[in-house]
Amino acid sequence: MTGIWVAVLVMAAGCYALKLTGLIVPRGVLDNPRVRRFAELVPIALLAALTAVQAFGAGQSLGMDPARLAGLGAAVAALLLRAPFLVVIVVAAGTAAVLRALGVG
Amino acid sequence: MTDTDDRTAERARARPVRDGLVLGLAVGTSGVAFGAAAVGSGMNVAQACVLSLLAFTGASQFALAGAVASGGLAGGVAGAILLGSRNTLYGLRLADLLPPRGARKLVAAHGVIDETTAISLAQPDPAAARLGFWATFATIYVTWNLTTLLGAFGAGRLGSPQSLGIDVVGPAAFLALIWPRLRAGRAERAVGLAGAVIALAATSFLPPGVPVILAATAALAGALISPRPAGPRPAGPRPAGPGPGGAEDPRLPDSGEAGVP
């Protein structure tokens, strides 16, 4: 239990330090157009990666969960129809929930 | 100033706040899933809550819960912290928008996460970006911590997250957040696709969390291949029209409504 407390506090300190570092790095760093473009593209790459990993991830392996993928498909359809954010989320989760209630996945 | 100007200004202030509230409530409630997962992994309620209060970065917290469940605590902590390193990169983008020094800066730093970055950078100007940041931060912080407590206490008593489709909330939210940026240009789409492919390819042989960080190499490649000329406003949020330097890039379609949520 003590080990877990140490892990919790070390991680909290580490995560905060990483957040603060991004804010205190000298501003001149972003004067370089390549660095600026990198900083601009990073959220796209990481968020796309998170989307993919959470969509297909099953622990440390990949898996196809039909209900989850159908939910994401519904989210894409909602996005193409320019639905507001909350509608996209509700449609996605609702689709997966309904499919699972019907025994899919 | 005419009525129309007033209304426009009011809308300009209302939108980032509304976006932040909606996203904060939608994403913050997944604290239930974290609280349940943490207690299920062997943490106690206090540990789950302290983690949400002090670490406040969802993916890392889930990673740590996984490490507690599976043993391998030291490696798990390292992986979870590494996963939080994307917040450093987000901070680079947000530095110009947030308080430059003092206690407010230290508080703002705690709020540099996926969702606040996405909302801030989707706003048309710095003032709206700041509003969006604080609205999103406050909403997610309160919701995430309350629902962590709820999930930690209620673990197992609520319906399973699976049966409610909670596992789709994360990926659907992230997809919705990058959607407008994916529409901004071909380079953006290529980077997003490459990031997803890299992370998926690396998932089976790297510890959880690391594949997502590795995806940053897609952004690195994108920046080296298609850097845009320096614009007048470094690192500011993307304007509602074509992106910074967009005029120099004929491939950029009019991104129009830069609307996240």
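What counts, and where the lines are drawn
All residue numbers refer to positions counted from 1 along the written sequence of the respective chain. Chains and ligands are labelled by the order in which they are written, letters from A for the one and numbers from 1 for the other. In keeping with the predicted nature of the model, local features appear solely for residues at pLDDT of at least 70, side-chain atom pairs appear and are counted solely at 80 or more, and the whole-chain, interface and lining totals rest on all residues. Only DSSP runs of H or I covering at least 4 residues are called helices, and only runs of E covering at least 2 are called strands; the numbering of each starts at the N terminus. Counting other C-beta atoms within 10 Å of each residue's C-beta, where C-beta atoms are placed from the backbone, gives the exposure class: buried for 20 or more, exposed for 12 or fewer, partly exposed between. Any two residues are considered in contact once their C-beta atoms, placed from the backbone, lie within 7 Å. Here the nonpolar group is Ala, Val, Leu, Ile, Met, Phe, Trp, Tyr, Cys and Pro; Asp, Glu, Lys and Arg are the charged ones; every other residue, Gly included, is treated as polar. In this analysis an axis means a line fitted to C-alpha atoms, helices contributing only their contacting stretch, and an angle means the value between N-to-C directions, from 0 to 180 degrees. Angular relationships are summarised with four words: roughly parallel below 35 degrees, roughly antiparallel beyond 145, roughly perpendicular across 65 to 115, and oblique for the angles in between. By the definition used in this description, the sense in which the near helix is turned from the far one sets the handedness, with an anticlockwise turn below a right angle giving left-handed and a clockwise turn giving right-handed. As used throughout, a nonpolar core is a set of buried Ala, Val, Leu, Ile, Met, Phe, Trp, Tyr and Cys residues joined through C-beta atoms within 7 Å of each other. Per-residue confidence from the predictor is reported as pLDDT, which spans 0 to 100.

Q: An account of the overall build of chain B is needed here, citing residue identities and associated values.
A: For chain B, the count of helices and strands is 13 helices and zero strands. In chain B, the succession of α and β elements from N to C terminus is α-α-α-α-α-α-α-α-α-α-α-α-α. By residue count, 54% of the 261 residues in chain B fall in the buried class. Taking the intrachain contacts of chain B between residues at least 6 apart in sequence as the baseline, contacts between residues at least 24 apart amount to 67%.

Q: Run through the overall build of chain A, naming residues and quoting values.
A: Assigned secondary structure in chain A consists of four helices and two strands. Counting from the amino terminus, chain A carries its helices and strands in the arrangement α-α-β-β-α-α. Scored against the burial criterion, the 105 residues of chain A give a buried share of 50%.

Q: So what about helix H2 (residues 31–41) of chain B? Which residues, and what values?
A: All names here are of chain B. The buried count for H2 comes to nine of 11 residues, which makes it a mostly enclosed element. Taken residue by residue, H2 has Gly31, Val32, Ala33, Phe34, Gly35, Ala36, Ala37, Ala38 and Val39 as its buried positions. Positive backbone phi, at 120°, marks glycine 42, one or two positions downstream of H2.

Q: Could you give me a rundown of the interface of chain B and chain A, with the residues and numbers involved?
A: Listed per partner, the contact involves 86 residues of chain B and 64 residues of chain A. Of all the elements, helix H10 (residues 169–182) of chain B adds the most residues to the side of chain B that touches chain A, at 12 residues. The residue makeup of the side of chain B that touches chain A, split by class, is 59 nonpolar, 19 polar and eight charged.

Q: Residues and numbers for unusual backbone geometry, please.
A: Its identity as a non-glycine residue notwithstanding, A:Arg82 has a phi of 60°, on the positive side. Relative to the helices and strands, A:Arg82 resides in the loop between helix H3 (66–80) and helix H4 (85–101). Given 11 C-beta atoms within a 10 Å radius, A:Arg82 is considered exposed. Despite not being glycine, B:Phe56 has its phi angle at roughly 45°, a positive value. Looking at the secondary structure, you find B:Phe56 in the loop between helix H3 (45–54) and helix H4 (58–70).

Q: Tell me about the packing of helix H1 (residues 2–24) of chain A against helix H7 (residues 102–110) of chain B, and please be specific about residues and values.
A: One way to put it is that H1(A) packs onto H7(B) with a least axis distance of 8 Å and a crossing angle of 120°. The orientation of H1(A) relative to H7(B) falls into the category oblique. The interaxial crossing formed by H1(A) with H7(B) has right-handed handedness. Within the contact between the two elements, H1(A) uses A:Tyr16, A:Lys19, A:Leu20 and A:Leu23 and H7(B) uses B:Lys105, B:Ala109 and B:His110.

Q: Would you mind going over the nonpolar core in detail, with residue names and values included?
A: Ranked by size, the top nonpolar core spans 114 residues in total, and within it A:Ala45, A:Ala49, A:Ala75, A:Ala92 and B:Ala172 carry the most contacts. Sort the elements by how many residues they give to this core and helix H2 (residues 33–56) of chain A lands first, with 15 residues. Beyond its immediate sequence surroundings of up to four residues, A:Ala75 is in contact with A:Val88, A:Val91, A:Ala92, B:Ala172, B:Leu175 and B:Ala176.

Q: Quick rundown of the environment of A:Ala96? Include the residues and the values.
A: Relative to the assigned elements, A:Ala96 resides in helix H4. When the C-alpha atoms of A:Ala96 and A:Arg68 are compared, they prove to be 5.5 Å apart, with 28 residues separating the residues in sequence. Ignoring any residue separated from it by four or fewer positions in sequence, one finds A:Ala96 in contact with A:Ala67, A:Arg68, A:Ala70, A:Gly71, B:Gly165 and B:Val168.

Q: Quick rundown of the environment of B:Ile198? Include the residues and the values.
A: Relative to the elements of secondary structure, B:Ile198 occurs in helix H11 (residues 186–203). B:Ile198 sits in the buried class, given 22 other C-beta atoms within 10 Å. Counting along the chain gives 19 residues from B:Ile198 to B:Thr217, while the straight-line C-alpha distance between them is 8.6 Å. Once residues lying within four places of it in the same chain are set aside, the contact partners of B:Ile198 are A:Ala49, B:Leu214, B:Ala215, B:Thr217 and B:Ala218.

Q: Describe the confidence of the model for chain B, with residues and values.
A: Atomic detail in the predicted coordinates should be set aside for any region of low pLDDT. Residues and elements named next belong to chain B. Looking at chain B as a whole, its pLDDT mean stands at 78, while 80% of the residues score no less than 70. Within chain B, no element has a lower average pLDDT than helix H5 (residues 73–83), which sits at 76, and none a higher one than H3, at 96. Taken as a whole, residues 229–261 scores under 50 in pLDDT and shows 73 contacts with residues more than four places along the chain or in a different chain. Here the complex is predicted with pTM 0.64, and the ipTM for its interfaces comes to 0.82.

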